[in-house]
Amino acid sequence: MENLGNLDVLYQNYLDGTIDRRELEGKMFNAILENARNYRWFGGSEGEIVDYLCWIYPRLSRAIRQFKGNGAAFSTYIGALIRYSMKEYKTDQIDHYITECAAWATHSMDIEVHSPEFGYPESEEGEDEGKPLKAVVPRELFKSRQILLLILKSYYFISEDFIERIAPYTGVELEVLKLMIEKLHLYRSRKEEDIRLFQERITTQFYRCIAWEKRLKILLPESNRYQVIKNQLERARKRLAGLRKRFAKLRMDATHRQIAEVTGISAGTVSSSLSTLMAQWELDITGRPVLKGKIRKKSSWEPEEIRKPPGRC
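Residues numbered from 1 in each chain as written. Predicted model: local features only at pLDDT ≥ 70, side-chain atom pairs only at ≥ 80, totals over all residues. Heavy atoms only, no water.

Q: Any details on the overall build of the chain? Residues and values, ideally.
A: Assigned secondary structure in the chain consists of 11 helices and 2 strands. For the chain, the N- to C-terminal ordering of α and β elements is α-α-α-α-α-α-α-α-α-α-α-β-β. Across the 313 residues of the chain, 31% fall into the buried class. Carbon and sulfur atoms make up 54% of the accessible area of the chain, which totals about 21200 Å². (Helix = DSSP H or I, 4+ residues; strand = E, 2+ residues; numbered from the N terminus. Buried < 20%, exposed > 50% of the residue type's maximum accessible area, 1.4 Å probe, protein only. Areas by Shrake-Rupley, 256 points an atom, 1.4 Å probe, with all protein chains shown as cover.)

Q: How would you explain helix H3 (residues 46-66) if you had to name every residue and give the values?
A: Between its first and last C-alpha atoms H3 spans 29 Å; for 21 residues at 1.5 Å apiece the expected length is 30 Å, and the two agree. Along its length, H3 reaches its greatest deviation from straightness, about 45 degrees, at Ile56, and the proline Pro58 lies no more than four positions downstream. Every buried residue of H3 is listed here: Ile49, Tyr52, Leu53, Ile56, Leu60, Ser61, Ala63 and Ile64. (Expected span 1.5 Å × (residues − 1). Bend = angle between axes of the 7 residues up to and from the residue.)

Q: An account of helix H10 (residues 256-263) is needed here, citing residue identities and associated values.
A: Those residues of H10 that fall on the buried side of the exposure criterion are Gln258, Ile259, Ala260, Val262 and Thr263. Buried-residue contacts for H10 involve helix H5 (144-153), helix H7 (174-187) and helix H11 (267-279). Residue Gly264 follows H10 closely and has a positive phi angle near 85 degrees. (Contact = heavy atoms within 4.5 Å.)

Q: I'd like a description of the pattern of salt bridges, backed by residues and values.
A: If you walk through the whole model with that rule in mind, you get 10 salt bridges. A cluster of three or more residues bridged by salt bridges with shared partners is formed by Lys153, Arg251 and Asp253. (Salt bridge = Lys/Arg side-chain N within 4 Å of Asp/Glu carboxyl O.)

Q: So what's going on with the side chain of Thr170? Which residues, and what values?
A: Secondary-structure assignment places Thr170 in the loop between helix H6 (160-166) and H7. Engagement of the side chain of Thr170 in a polar contact is seen with the backbone oxygen of Ala167, the distance being 2.7 Å. (Polar contact = N/O pair within 3.5 Å; in protein donor to acceptor, adjacent residues only side chain to side chain.)

Q: Quick one: what's the story with the nonpolar core, residue by residue and with numbers?
A: For soluble globular proteins, nonpolar side chains are generally found buried alongside one another. Among the nonpolar cores identified, the biggest contains 26 residues, and Met28, Trp41, Tyr52, Leu53, Phe74, Ile78 and Ile82 are the most heavily contacted of them. Counting residues in hydrophobic clusters, the runner-up holds 21 residues, among them Ile151, Ile163, Val262 and Val270. (Core = buried A, V, L, I, M, F, W, Y, C linked by side-chain atoms within 4.5 Å.)

Q: How would you summarise a positive patch on the surface if you had to cite specific residues and measurements?
A: A surface patch of positive charge is lined by Arg201, Arg208, Arg239 and Arg246. At the level of elements, helix H8 (189-217) and helix H9 (224-248) are the ones that each hand at least two residues to the positive patch. With respect to the helices and strands, the residue Arg246 is situated in helix H9. (Patch = residues over 30% accessible without salt bridge, like charges linked within 9 Å, V, L, I, M, F, W, Y side chains within 5 Å. Lys, Arg positive; Asp, Glu negative; His and termini not counted. Charge placed at Lys NZ, Arg CZ, Asp CG, Glu CD.)

Q: Give a detailed account of the packing of aromatic side chains, specifying residues and quantitative values.
A: Inspection of every chain in the model, using the stated rule, returns 11 aromatic pairs. Members of the aromatic cluster, joined through ring pairs, are Tyr11, Tyr14, Phe67, Phe74 and Tyr77. Its end group placed over the ring of Tyr84, Arg83 keeps NZ or CZ at 5.6 Å from the ring centre. (Phe/Tyr/Trp six-rings, centres within 6.5 Å; stacked < 30°, edge-to-face > 60°. Lys NZ or Arg CZ within 6 Å of the ring centre and 35° of its normal.)

Q: Requested: an account of the packing of H5 against H7, with residues and values cited.
A: Following both chains from N to C, one finds H5 and H7 inclined at 35 degrees, their axes separated by 10 Å at the closest point. Remark: the crossing between H5 and H7 carries right-handed chirality. Taken together, the residues of H7 that come into contact with H5 (itself represented by Leu148, Ile151 and Leu152) are Leu177, Met180, Ile181 and Leu184. Class assignment of the residues belonging to the contact of H5 with H7 gives a composition of 7 nonpolar, no polar and no charged. (Axes fitted to C-alpha atoms, helices over the stretch in contact; angles between N-to-C directions. Left-handed = near helix turned anticlockwise from the far one by under 90°. Nonpolar A, V, L, I, M, F, W, Y, C, P; charged D, E, K, R; others polar.)

Q: Could you give me a rundown of the environment of Lys230, with the residues and numbers involved?
A: When you line up the elements, Lys230 lands in helix H9. Considered as a pair, Lys230 and Glu213 are 17 residues apart in the sequence and their alpha carbons are 8.2 Å apart.

Q: Describe the packing of H7 against H10, with residues and values.
A: Following both chains from N to C, one finds H7 and H10 inclined at 135 degrees, their axes separated by 10 Å at the closest point. Here H7 lies oblique to H10, going by the angle between them. Along this stretch, H7 crosses H10, giving a crossing that reads as right-handed. Contact residues: H7 offers Met180, Lys183, Leu184 and Tyr187, while H10 offers Gln258, Ile259, Glu261, Val262 and Thr263. (Parallel < 35°, antiparallel > 145°, perpendicular 65-115°, else oblique.)

Q: Would you mind going over the environment of Glu46 in detail, with residue names and values included?
A: Tracing the backbone through its elements, the reader meets Glu46 in helix H3. Note: C-alpha distance between Glu46 and Leu33 (13 residues apart in sequence) is 9.3 Å. The residues touching Glu46, leaving out its near neighbours within four places in the chain, are Leu33 and Arg37.

Q: Outline the environment of Lys153, supporting the account with residue identities and numerical values.
A: Relative to the helices and strands, Lys153 is located in helix H5. By relative accessible area, Lys153 is classed as buried at 14%. When the C-alpha atoms of Lys153 and Asp253 are compared, they prove to be 5.4 Å apart, with 100 residues separating the residues in sequence. Here Lys153 is in contact with Arg251, Asp253, Ala254, Thr255, His256, Ile259 and Leu274, once residues within four sequence places are set aside.

Q: Describe the confidence of the model for the chain, listing the residues and the values that go with them.
A: Fine structural detail should not be taken from predicted coordinates in areas where pLDDT scores are low. Confidence in the prediction of the chain, expressed as mean pLDDT, is 75, and 70% of residues score 70 or more. Long-range and interchain partners of residues 111-127, a stretch whose pLDDT sits below 50, account for 1 contact in this model, where long-range means more than four residues apart. (pLDDT = per-residue confidence, 0-100.)

In structure tokens:
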């Protein structure tokens, strides 16, 4: 290492009791810092030099206790410690830089994908403003109760705006529908927290895979470290696939019993209604629901407020 000979004098003063250990550590820090400035470590960047010395400071403290002499000078011992630790520090900094760049690059793409679309000019007459959703299929094919149960079943994915627009089709008041959904969030708060934590684990593992990929690209295929990083990447990908598979099995929808509790309908009726509705529909190749066959006529359990009066079309 560069000129650190004055550390021998400081260490001898410590052994003689002239200075205590805390004072020795402080003077060692200043001596190494001055040496780093003179020899322009890290390209002369003062900030990086100080960061490195703060990072290695605990090791310097341990080195004072562990140094036995055995014919070697204290300055030589500290110089070797600094030389090898600097390589480790630079490697850690490169890994951190790669990880950060990979994370920000991936995050920026995610922001671009989810950024809001450009606004389109509103219609001159404002026909669609504040109106309910336009039905994808004829309204007659659905019962109000079926729509209500579907909304509650999928409460986790529904936005505030969608609730306001779908409410006229559910057969209940908007405030009542919001209250039902709030109760479901309350009943399932613990489950929702588990889902959120699981999503964070998947996100973290995804960024970890991206970081391993970035590290692998800067290495030579014939090097030993390349194979080590490649193995790490394969394990990270396998773990990510396992997490996603487990996440796909998590239930994000409300149970029939929970829906029954917020609506006052029996759990058996909820199950029967949803099962009947699901049996009548299937997904096409685009993932959109399409009608399988003929819709049944309204059943006798349909609520009075949405049942059509006799003799009226």
